[in-house]
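# A closer look at the structure
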Amino acid sequence: MQPNEPLIYSPALEEAIDRNPLIVTPDTLLLDAIALMSQARGSRCYLTEANTPLQAIPRYEGRSSCVLVMEGSQLLGIFTERDIVWLTADGIPFEGIKISEVMTQPVLTMPESNFQDVFAAIFLFRRNQVRHLVIVDDQNQLIGIVSQESIRRILRPANLLKLRRVSEVMTTQIIHAPATTSVLNLARLMAERRVSCVVITEENGYGGFYPLGIVTERDIVQFQALRLNLAQTLAQTVMSTPLFLLHPQDSLWKAHQEMQRRRVRRLVVFWDLGRGLGIITQSNLMRVFDPVEMYGVIEVLQRTIEQLEAEKAELLQTHNAEFEPQMPYRPAQLNQQAD
């Protein structure tokens, strides 16, 4: 890294705002909202009737991790992937339930005029333990939504992430289960332990576990949209596999790049023949850009630079002290050689 190269580039904040969020009305059936979240996204879609047929819902290019519940221009609530997992774990039947009965309210919002840097959003995510921030105008009208995922996509944090290791932010107390575990029990594990995924493992004969696959909150959304019998569906039939495994000494920049390339929000960390398992999520990566965390990193870098400058000055002083006594004799020696 060049000395004058910045640690982090300023991202284009406009790109972090999804100005076409998924919107439903309070009377929308829960199952229809889940189907909307599970489908591909292209442009904004309003689902306005509780009995809207699923085939009438347009397809999108990518999936949304939430829907906003609105009555006209009034924002009433939000419903996320995490809410689906919790409802699944509680065994609540989804048929006949309206989104207004299970949405989260009030919704965390921020005026667009206050959205001056990504660190403000990251701070609110962490303080309120949420993953979405709704952006509104001065009249409190919806502008769009910012998520951890949208912020991670726009960050240009090459140098800062190259300085940090996966081991510094990964979670080592991961939740894992055998391949024969039912999806319903996996959802219960996610809800009980308040995690976004369960790693599917098998014992490897070395006193550790080998990660076979993973089941995430987003998968639960898909399974509910497909109306699977989660009590009878086993992890081994629906888990995402094979996994890309990181090592604790890999840089956070590598983790960031792999998440981008594979379009995932978490990666499994594997070392010591499976006696060590961990996971790194986009929430872990966001922690690196927490303002308090960044100030700590900057202080460490400043102390390191000061120490290097002091050592450099001391080395130059020692070198000069050794070289100066020889200076008066060198012209005489050169004159002798010239004669």
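Summary of the structure given here. (Residues numbered from 1 in each chain as written. Predicted model: local features only at pLDDT ≥ 70, side-chain atom pairs only at ≥ 80, totals over all residues. Heavy atoms only, no water.)

## Structural notes on the sheet that holds strand 10 (residues 209-216)
The three strands are arranged 8-9-10 in an open sheet whose pairing can be described as mixed. Lying at the two open borders of the sheet, with one neighbouring strand each, are strand 8 (176-178) and strand 10. Between one strand axis and the next, the sheet turns by 40° as a mean value, whatever way the strands run. Where strand 8 meets strand 9 (residues 197-203), three bridges bridge the pair, whose relative direction is parallel. Within strand 9, the residue paired with A177 across the bridge is I200. Taken strand by strand, helix 6 (residues 183-193) contacts strand 8, strand 9 and strand 10, and its axis lies near 120° from that of strand 9. (Pairing = 2+ DSSP bridges. Helix = DSSP H or I, 4+ residues; strand = E, 2+ residues; numbered from the N terminus. Axes fitted to C-alpha atoms, helices over the stretch in contact; angles between N-to-C directions. Contact = heavy atoms within 4.5 Å.)

## Section: the nonpolar core
In terms of nonpolar packing, the biggest core is built from 37 residues, with L30, F79, I84, I99, I200, V215 and I220 touching the most fellow members. Of all the secondary-structure elements, those providing two or more residues to this core are helix 1 (30-38), strand 3 (66-71), helix 2 (81-89), helix 6, strand 9, helix 7 (217-225) and helix 8 (235-238). Excluding anything up to four places from it in sequence, I220 contacts I84, V85, T88, V183, A187, M190 and V215. Counting 17 residues, the second-largest nonpolar core is a separate cluster that includes V118, A121, L133 and I135. (Core = buried A, V, L, I, M, F, W, Y, C linked by side-chain atoms within 4.5 Å. Buried < 20%, exposed > 50% of the residue type's maximum accessible area, 1.4 Å probe, protein only.)

## Points about the packing of helix 1 against helix 7
Two measures define how a pair of helices packs: the angle their axes make with one another and the distance between the axes. Where helix 1 contacts helix 7, the axes come no closer than 9 Å and their chain directions differ by 125°. One way to sum up the angle between helix 1 and helix 7 is to call them oblique. The two elements helix 1 and helix 7 cross, and the hand of that crossing is left-handed. Between helix 1, through L31, I34, A35, M37 and S38, and helix 7, the contact on the second element is made entirely by V221, Q222, Q224 and A225. (Parallel < 35°, antiparallel > 145°, perpendicular 65-115°, else oblique. Left-handed = near helix turned anticlockwise from the far one by under 90°.)

## A closer look at the pattern of salt bridges
Overall, the coordinates contain twelve salt bridges when judged by the stated rule. Here E81 makes a salt bridge to R218, at a shortest N to O gap of 2.8 Å. Pair noted here: E81 is in helix 2 and R218 is in helix 7, with a separation of 137 residues, a long-range link. Across the pair, exposure class does not vary: E81 and R218 are buried alike. (Salt bridge = Lys/Arg side-chain N within 4 Å of Asp/Glu carboxyl O.)

## Description of the pairing of strand 6 (residues 132-136)
The element strand 6 is largely enclosed, with a buried count of five among its five residues. Neither face of strand 6 is exposed, since H132, V134 and V136 on one face and L133 and I135 on the opposite face are all buried. One ladder, built from three bridges, connects strand 5 (residues 109-111) with strand 6; its direction is parallel. Looking at the pairing, P111 lines up with V136 of strand 6. With five bridges connecting them, strand 6 and strand 7 (residues 142-147) associate as antiparallel partners.

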